[in-house]
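Each chain, letter by letter, is given below.
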Amino acid sequence: MTTPEPADRVLARASLAEGDPTAWFDRLYTAAARGEAEVPWTRGKPNPDLAAWVRPGDGRRALVVGSALGDDAELLAAHGWAVTAFDVAPTAVEAARARFPESAVDYVVADLLHPPADWARAFDLVVEIINIQAMPREFRPAAVASLASFLAPGGTALVSEVAEENQDMANWQGPPWPFSRAEVESVAQDGVRLVSLETIHDGARYWATFTR
Ligand SMILES: C[S@@+](CC[C@H](N)C(=O)[O-])C[C@H]1O[C@@H](n2cnc3c(N)ncnc32)[C@H](O)[C@@H]1O
């Protein structure tokens with residue numbers, strides 16, 4: 001007997017065949033809310049690399065990209081950041097609000113590929129952890145440009161994605177679609193500069209910081 005394919009892969013394939021890079025996320029969160037699927041990236045706690053990095057926000061503005069169920073956004077809010085957190089999946093945004101009813105985080109439904117104009121250069125901290133890699137490569141330049149646009153002068157952008165250099169790319173089937181080092185470095189555009197770029201988790205992921 002063969003093992004059934006996980007729901008996220010089945011839903012992703014259907015969504016991509018429709019030419020829609022992101023519709024499957026809401027379908028997956030909806031199926032998970034009904035107990036019919038698992039969302040593979042949910043941990044019920046903040047990303048440990050972000051938890052290791054986090055520093056006091058002192059009321060400065062942070063933007064969490066692809067905020068899922070809200071754990072990373074809540075971590076930053078607990079450290080004094082004024083957090084906006086967005087996800088393309090309305091069901092994820094509703095779930096985050098429901099999980100943290102007293103939250104100070106502004107949870108928003110928005111698409112990284114079509115962000116609100118007033119987010120340009122508006123955030124002192126921008127956190128992008130394994131979201132852009134979840135869209136097919138053809139959307140990457142637009143997503144990276146959008147990400148770079150959010151960063152305010154003097155701010156920090158944190159970017160973490162699966163590192164292509166240590167994967168067997170010949171046999172790889174996305175999602176996700178790992179990043180090359182050059183693709184991570186491409187966040188440095190339009191006045192944004194690379195500060196550091198390292199591999200973490202035995203080379204499995206990149207962890208990069210940028211400023212403007
Ligand atoms: C692989 S999950 C990662 C979630 C979270 N960042 C983490 O580290 O666990 C990707 C998330 O990004 C969201 N997402 C995907 N494409 C997006 C887009 N274009 N705009 C906003 N959110 C997006 C998905 O709905 C999903 O919640």
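- The name given to the protein chain in an unreviewed UniProt entry is Class I SAM-dependent methyltransferase, with the source organism recorded as Amycolatopsis plumensis.

**So, the site of the ligand**
- Near the ligand, the surroundings consist of 18 residues, among which Y29, D87, D111, L112 and I129 are the closest.
- The side chain of D111 places a nitrogen or oxygen atom 2.8 Å from a nitrogen atom of the ligand.
- In the complex, the protein chains occlude 96% of the 590 Å² of accessible area that the ligand would expose alone.
- In this structure the site holding the ligand corresponds to the largest pocket.
- Counting only elements with at least two residues in the shell around the ligand, the list comes to α2 (23-33) and β2 (82-87).
- In terms of residue class, the shell around the ligand is built from 12 nonpolar, three polar and three charged.

**A short note on the layout of surface pockets**
- Approximately 800 Å³ is the volume attributed to the largest pocket.
- Along the walls of the largest pocket sit 41 residues, with W41, I129, I130, N131 and A134 positioned nearest its centre.
- When contributions to the lining of the largest pocket are tallied by element, the ones reaching two or more residues are α1 (7-17), α2, β1 (61-65), α4 (71-78), β2 and β4 (123-129).

**A few points about the side chain of D49**
- Position of D49 relative to the elements: it lies in helix α3 (residues 48-53).
- Summary of buried charges: D49 has no salt-bridge partner, and the nearest side chain of opposite charge, R205, is 4.8 Å away.
- If we skip the residues at most four places from it in the chain, D49 touches I200, H201 and W207.

**Things to note about the nonpolar core**
- Formed by 30 residues in total, the largest nonpolar core has its most connected members in F86, L112, W119, V126, F150 and F210.
- At the level of secondary structure, the elements contributing two or more residues to this core comprise β1, β4, α6 (140-149), β5 (151-162) and β7 (205-211).
- Per-element tally for this core: the top contributor is α6, with four residues.
- Look past the residues within four positions of V126 in its chain and what remains in contact with it is L63, V65, L147, F150, L151, T156, A157 and L158.

Calculation criteria
Residues numbered from 1 in each chain as written. Predicted model: local features only at pLDDT ≥ 70, side-chain atom pairs only at ≥ 80, totals over all residues. Heavy atoms only, no water. Near = heavy atom within 4 Å. Polar contact = N/O pair within 3.5 Å; in protein donor to acceptor, adjacent residues only side chain to side chain. Areas by Shrake-Rupley, 256 points an atom, 1.4 Å probe, with all protein chains shown as cover. 1 Å grid on protein atoms, 1.4 Å probe; cavity = no way out; pocket = protein on both sides within 12 Å on 5 of 7 lines; lining within 4 Å. Sits in = over half its atoms within 2 Å of the grid points. Helix = DSSP H or I, 4+ residues; strand = E, 2+ residues; numbered from the N terminus. Nonpolar A, V, L, I, M, F, W, Y, C, P; charged D, E, K, R; others polar. Points joined across faces, edges and corners; volume = space filled by probe spheres on them. Buried < 20%, exposed > 50% of the residue type's maximum accessible area, 1.4 Å probe, protein only. Lys, Arg positive; Asp, Glu negative; His and termini not counted. Salt bridge = Lys/Arg side-chain N within 4 Å of Asp/Glu carboxyl O. Contact = heavy atoms within 4.5 Å. Core = buried A, V, L, I, M, F, W, Y, C linked by side-chain atoms within 4.5 Å.

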